[in-house]
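# Coordinate analysis (summary)
Read off the chains here:
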Amino acid sequence: MPPKQLRRQSINVGRGTRKKDEDSGTDVGEGTDEWSQSKATVRPPDQLELTDAELKEEFTRILTANNPHAPQNIVRYSFKEGTYKLIGFVNQLAVHFSQVGNLIPKDSDEGRRQHYRDELVAGSQESAKVVLSDTEMLEEEEEPKEAEVEAGSQTDVPAAEAAEKVTEEELMTPVQPKERKLTNQFNFSERASQTFSNPLRDRECQMEPPPRTNFSATANQWEIYDAYVEELKKQEKTKEKEKTKTPVAKKMGKMAMRKLTSMESQSDDITKVTQAAKIVERMVNQNTYDDIAQDFKYYEDAADEYRDQEGTLLPLWKFQNDKAKRLAVTALSWNPKYKDLFAVGHGSYDFMKQSRGMLLLYSLKNPSFPEYIFSSESGIMCLDMHVDHPYLVVVGHYDGNVAIYNLKKPHSQPSFRSSAKSGKHTDPVWQVKWQKDDMDHNLNFFSVSSDGRIVSWTLVKSELVHTDVIKLKVEGSTTEGLEGLQLHTVGCGTAFDFHKEIDYMFLVGTEEGKIYKCSKSYSSQFLDTYDAHDMAVDAVSWNPYHTKVFMSCSSDWTVKIWDHTIKTPMFIYDLNSAVGDVAWAPYSSTVFAAVTTDGKAHVFDLAINKYEAICNQPVVAKKKNKITHVQFNPIHPIIIVGDDRGHITCLKLSPNLRKMPKEKKGQEVQKGPAVEIAKLDKLLNLVREVKTKT
């Protein structure tokens, strides 16, 4: 019976649906089933019309694993053959879809932890259900007790109801376990922008192993004995040949051997690796002298905080060269463009021990060896580097010649040199200074010598042309000679310096201790004369900031500061030893340094102490060594000093020796030349007032 009923119901449902279709107005067709209706084909408008033969034609297509979009012309460099070669094998794999899954294996540690946490949560839920069923049982038992209480006493009803409500609420709320966030180590993402990491590129080169061959031989005692006997015979033959030779022949043989060895050394072409070797040498030196480089860059003497008016000099590098061992340092000059490069002139101040000279250029980056080496037959007494052309170095020699060296040309000979025909000095040249180019843009420099001539040298068509600017004469020393001729005693010039702003004005110091203020325009007269010192003037220098102030030092142990409008010195300092050189600091108008022959360096700051030096420090280890020259670096807080043993020492100034104006609250620190001029003017005005009163 049940199957028939089902069949009837299905038939009735079919009829009902047909009636519904008729009622709704849809015409399906009489006596036909909707599944048996024919389906009409729809042709696209751009379909090709092909014949039966074309339709029956078969096209075979073979599926391959090659990627049609893979490049076929990849070229890589072959280190073996030294050329680019085409690579035959190309990766044909193309990834169409990839997805990172977040499923975890059940047997893994993470899967076990999650399964354990799920069991804990399920157990806590079951315990909550048990607590609920217990509370229902308790409510059913308490109903008859409540009736008895109502019949007995109605006074305690509110308190009991409140207690029942609290217990019901506590029992009704199930204990919910704390939800913990399940982390998946395979599906991790940060709250940040996820950038695509570029794939790493592997560069490999395959080398062929060097060819190997096996050498084997057996040696017995007789073979070893024969070899020793042959060697002894050779030695005896060479001794007999040397005995027969004359002394002249021996010397000639030695010279020939030296020439051969020099030719062999020259044949090795090392010009290709000179730059690389220089860089490697600097790297090795920076590692060797790393502690000194750290002190140069960062060390500041902490003791300066506890002493207001004293400073110290920290020794850094020491520069020396074996070729210039017995030559004194006669000149120092920093390069105007490369602040780590300085030039050193080597010669001798002892006229009885005159020999060769050397020009060396050192860099702070390589303290062990000079960057450039030039040698000369006569000692170098002075030098100067051109401001606009820092590769040009002019030097003055002891024999009276001047020469120009070009650092761009590697050969050791000077590019230009004076001669007896071109008007060289007859005495040692004590100082040279580059000047501005002349009207025709020719290089120009000045020189001063003991022969009393101040000469202007101009480089015209690769030749040095000289012009005598002035001839020094000692005033009041004219004597009458034969036939009424007047003879003048020649003044021996030892130092000079040109004014920083007034081009024509310059100062000249002499061996007689006088300083002459001269002009390029007047060759016979001096603008002014200063009775400066009792012995030879060793150095004269204009202040880099104040246009009226200059400084001089002498072998009479004194350093004097002058105002060129006043004939008497403004400050006099006695240093208890002959002063070899003085130099103004480039960062302050009141700071200068002086070196003495007893091996000490003295640093003064007139703004801090105008009576004595704020630093007196021995610089040279041995007492016999005499310091000859000193120079400040243009930008770094260091000085270099040279002695008569050919050593150059670099020293760092402590903070007290380079004090800058203190910052005041609410005020900006004023800096610049005007501030420096005002600072020195303030000191000079005090001295002027005292002089006017006296």
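For the structure itself, consult the block above.
Residues numbered from 1 in each chain as written. Predicted model: local features only at pLDDT ≥ 70, side-chain atom pairs only at ≥ 80, totals over all residues. Heavy atoms only, no water.

Tallying secondary structure elements over the protein chain gives nine helices and 32 strands in all. Each of the 694 residues in the protein chain was classed as buried or not, and the buried ones make up 33%. Pairs at least 24 apart in sequence give 47% of the contacts found in the protein chain among residues at least 6 apart. With an accessible surface of roughly 49800 Å², the protein chain has 53% of that area assigned to carbon and sulfur atoms. (Helix = DSSP H or I, 4+ residues; strand = E, 2+ residues; numbered from the N terminus. Buried < 20%, exposed > 50% of the residue type's maximum accessible area, 1.4 Å probe, protein only. Contact = heavy atoms within 4.5 Å. Areas by Shrake-Rupley, 256 points an atom, 1.4 Å probe, with all protein chains shown as cover.)

The next thing to look at is the sheet that holds strand β24 (residues 558-563). As summarised here, the arrangement of the four strands in space is β22-β23-β24-β25, forming an open sheet in which the pairing is antiparallel. On the outer flanks of this sheet lie β22 (537-542) and β25 (571-574), each paired with one strand and no other. Across the sheet, the mean angle from the axis of one strand to that of its neighbour is 15 degrees, orientation sign disregarded. With five bridges connecting them, β22 and strand β23 (residues 549-554) associate as antiparallel partners. Bridging from a neighbouring strand, Trp542 pairs with Phe550 of β23. (Pairing = 2+ DSSP bridges. Axes fitted to C-alpha atoms, helices over the stretch in contact; angles between N-to-C directions.)

Here we take up a negative patch on the surface. On the surface, Glu223, Asp226, Glu230 and Glu231 cluster together into a patch of negative charge. With respect to the element layout, Glu231 can be found in helix α5 (residues 221-244). (Patch = residues over 30% accessible without salt bridge, like charges linked within 9 Å, V, L, I, M, F, W, Y side chains within 5 Å. Salt bridge = Lys/Arg side-chain N within 4 Å of Asp/Glu carboxyl O. Lys, Arg positive; Asp, Glu negative; His and termini not counted. Charge placed at Lys NZ, Arg CZ, Asp CG, Glu CD.)

Let us look at a positive patch on the surface. Positive charge collects at one region of the surface, where Lys233, Lys234, Lys237 and Lys241 lie side by side. Inspection of the secondary structure assignment puts Lys241 in helix α5.

Even without glycine at this site, Trp557 takes up a positive phi of about 80 degrees. Take Trp557: it is sitting in the loop between β23 and β24. The backbone of Asn576 sits at a positive phi, close to 65 degrees, despite the residue not being glycine. Within the secondary structure layout, Asn576 lies in the loop between β25 and β26 (579-584). For Asn576, a relative accessible area of 56% puts it in the exposed group.

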